[in-house]
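# Architecture and fold: a report
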Amino acid sequence: MIIVLKSTATKEDSLLFKNKLEQEYGVKVNEWTGVESTVLGLIGDTTKIDIDYISAQDIVESVKRVQEPYKKANRKFHPDNTVISFDGGQKIGDGSLCIMAGPCSVESEEQLNGIAEKVKKSGATFLRGGAFKPRTSPYAFQGLKAEGLDLLKEARRVTGLPIVTEIMRVSHIDMFENVDVIQVGARNMQNFELLKELGKIDKPILLKRGLAATIEEFLMSAEYIMAGGNDKVILCERGIRTYETATRNTLDISAVPVLRKLTHLPIIVDPSHASGKSWLVEPLAMAAVAAGVDGLMIEVHNDPPHALSDGAQSLTPEQFDLVARRVFAMKKAYDEAMTIE
Ligand code: PEP
Ligand code: MN
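Residues numbered from 1 in each chain as written. Chains lettered and ligands numbered in written order. Predicted model: local features only at pLDDT ≥ 70, side-chain atom pairs only at ≥ 80, totals over all residues. Heavy atoms only, no water.

## Examining the site of ligand 1
Selection rule: Throughout, near means a residue has at least one heavy atom within 4 Å of the molecule or strand. Distance and chemistry together define a polar contact, namely a pair of N or O atoms within 3.5 Å, with one atom able to donate a hydrogen and the other to accept it when in protein, and with adjacent residues in sequence counting only for side-chain atoms on both sides. Surface accessibility in these figures is a Shrake-Rupley result with a 1.4 Å probe; residues are shielded only by whichever protein chains are displayed. Nonpolar residues are Ala, Val, Leu, Ile, Met, Phe, Trp, Tyr, Cys and Pro. Charged residues are Asp, Glu, Lys and Arg, and all others, Gly as well, are polar.
If you check the shell around ligand 1, you find 13 residues, and the closest are Arg128, Ala186, Arg187, Lys208 and Arg238. In this structure, an oxygen atom belonging to ligand 1 sits 2.9 Å away from a side-chain N or O atom of Gln183. Contacts to ligand 1 include Ala186, whose backbone N or O atom sits 2.7 Å from an oxygen atom. In the complex, 97% of the free accessible area of ligand 1, which totals 300 Å², lies under the protein chains. Looking at the shell around ligand 1 residue by residue, the class counts come to 3 nonpolar, 3 polar and 7 charged.

## Quick word on the nonpolar core
Rule in force here: In plain words, nonpolar cores are sets of buried Ala, Val, Leu, Ile, Met, Phe, Trp, Tyr and Cys residues tied together by side-chain atoms within 4.5 Å. Each residue gets one of three labels from its accessible area relative to the maximum for its type: buried under 20%, exposed over 50%, partly exposed in between, using a 1.4 Å probe on protein chains only.
The biggest cluster of nonpolar side chains holds 64 residues, and the ones touching the most others in it are Leu207, Leu235, Leu296, Phe320 and Val327. Counting residues in each nonpolar core, the second largest holds 14 residues, with Ile3, Ile49, Val60 and Val63 among its members.

## Considering the domain arrangement of the protein chain
This is how the line gets drawn: Domains are outlined according to an automatic or database domain assignment.
By domain assignment, the protein chain separates into domain 1 (2–64) and domain 2 (84–337). The C-alpha-based centres of domain 1 and domain 2 are spaced at 37 Å.

## Describing the packing of aromatic side chains
Threshold: We call Phe, Tyr and Trp rings a pair once their centres come within 6.5 Å, taking the six-membered ring for Trp, and we label the pair stacked below 30 degrees between planes, edge-to-face above 60, and tilted otherwise. Numbering of helices and strands runs from the N terminus, with a helix taken as a DSSP run of H or I at least four residues long and a strand as a DSSP run of E at least two residues long.
A full pass over the atoms with the stated rule returns 3 aromatic pairs. Judged by centre distance (4.5 Å) and plane angle (25 degrees), the rings of Phe192 and Tyr224 are stacked. Pair noted here: Phe192 is in helix 5 (residues 192–198) and Tyr224 is in helix 6 (residues 215–227), with a separation of 32 residues, a long-range link. Of the residues examined, Phe192 reaches a relative accessible area of 31% and is grouped as partly exposed. When its relative accessible area of 32% is taken as the criterion, Tyr224 is described as partly exposed.

## As for the pairing of strand 10 (residues 181–184)
Going by this rule: When DSSP finds at least two bridges between two strands, those strands are taken to pair. A right-handed crossover is one whose linking path, passing over the helix from the first strand to the second, runs clockwise when the strands point away from the viewer.
What you see with strand 10 is no split at all: Val181 and Gln183 on one side and Ile182 and Val184 on the other are buried throughout. In this structure, strand 9 (residues 163–167) lies alongside strand 10, joined through 4 bridges in parallel fashion. Across the sheet, Thr165 pairs through a bridge with Ile182, a residue of strand 10. The sheet contact formed by strand 10 and strand 11 (residues 205–208) spans 3 bridges and is parallel. Pairing of Gln183 across the sheet is with Leu206, part of strand 11. Remark: the strand 10/helix 5/strand 11 crossover connection has right-handed handedness.

## Considering the sheet that holds strand 7 (residues 98–102)
Note the following rule: Where helices are involved, their axes are fitted lines through C-alpha atoms of the stretch in contact, as for all axes, and angles between N-to-C directions lie from 0 to 180°. Should any heavy atoms of two residues lie within 4.5 Å, those residues are counted as being in contact.
Read around the closed barrel, 8 strands run 7-8-9-10-11-12-13-14, paired in parallel fashion. Neighbouring strand axes in the sheet, compared pairwise and without regard to direction, differ in orientation by 30 degrees on average. The strands touched by helix 4 (residues 146–159) are strand 8 (126–128) and strand 9; relative to strand 9, the strand with the most contacts, the crossing angle is about 165 degrees. Along the sheet, helix 7 (residues 255–262) makes contact with strand 12 (233–237) and strand 13 (267–269), crossing strand 13 at roughly 170 degrees.

## Re the sheet that holds strand 1 (residues 2–5)
Reading across the sheet, the 4 strands line up as 2-3-1-4 and stay open at both edges, with antiparallel pairing between neighbours. Each having just a single partner strand, strand 2 (28–33) and strand 4 (60–64) make up the two edges of the open sheet. Each adjacent strand pair in this sheet contributes to an overall mean axis angle of 20 degrees, direction not counted. Across 4 bridges, the pairing between strand 1 and strand 3 (residues 38–43) is antiparallel. If you follow Ile2 over to strand 3, its bridge partner there is Gly41. Each of strand 1, strand 2, strand 3 and strand 4 is contacted by helix 1 (residues 11–25), which is oriented at about 160 degrees to strand 2, the strand it contacts most.

Put into structure tokens, the structure is as follows:
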């Protein structure tokens, strides 16, 4: 349930009313204060609340029931976009375009640092790299694990780029303490125990859309993290499984504006996993920017034919440089186009 307070309501009125709602109905009340209005978002069992009684209160402008099962992730509860800020000054969700780039798997210090320096020069603002890899085959390279995390931290020390890397199990959370953005991969989007634990920490979580997840299921997974108190969730559309076999997955480009409408969380697109082919990364990245994303995640490898995972979809640093320049030019054009009224 959403209660919009009158612009004349003072902070004290709002606090008193919020406490009253929590005590009388046993709900949790989320407060969002904008320039023009204050919105109270009620979470919990609101079925017993009489809308007419609430509407009749002096400080109440309007009351609405929220049909969607996701509450904290819902734009109705938080009309402004969520902006996630990092110590190095990076921001996601503020209208800028962030690029997370790096190899699918961390393979060696030389490989990672070489790629990190190059993608940084080309404008990437985060370094991605998998240390724990979810592979379809148990015989495929599973990642350098803890050593991979150390190499990522070293690459961050050298380049200053914050690091993004995937977690696969709850018992590893302590190990990820020094990671800047924890990625939950597509295969774990509905690992609810993992999501619940990640909800208890104060760190940005990059949540990838499951292989066949609906947008509502995707948002419910974000809700799991937020329900625990962690509001820093970044949503990543990375292609879904369809009947099409020409591409590894099908990039659901419409997910970007749909999510934008339904949620206040930042949205990024991963054209690498969406396509599975390096030559498709650029057009999909351009399309994502034109659809209004907050960022892109792109796989870059120094020697794609010999990559230990996802070589076919990885760009060389030189290819990435060109893609990044075109993508930033597209972003400039997008921002200009959006000023037209
Ligand atoms: C990855 O980012 O390397 C990865 C495994 O992604 P996804 O979970 O989207 O398949
Ligand atoms: Mn990959």
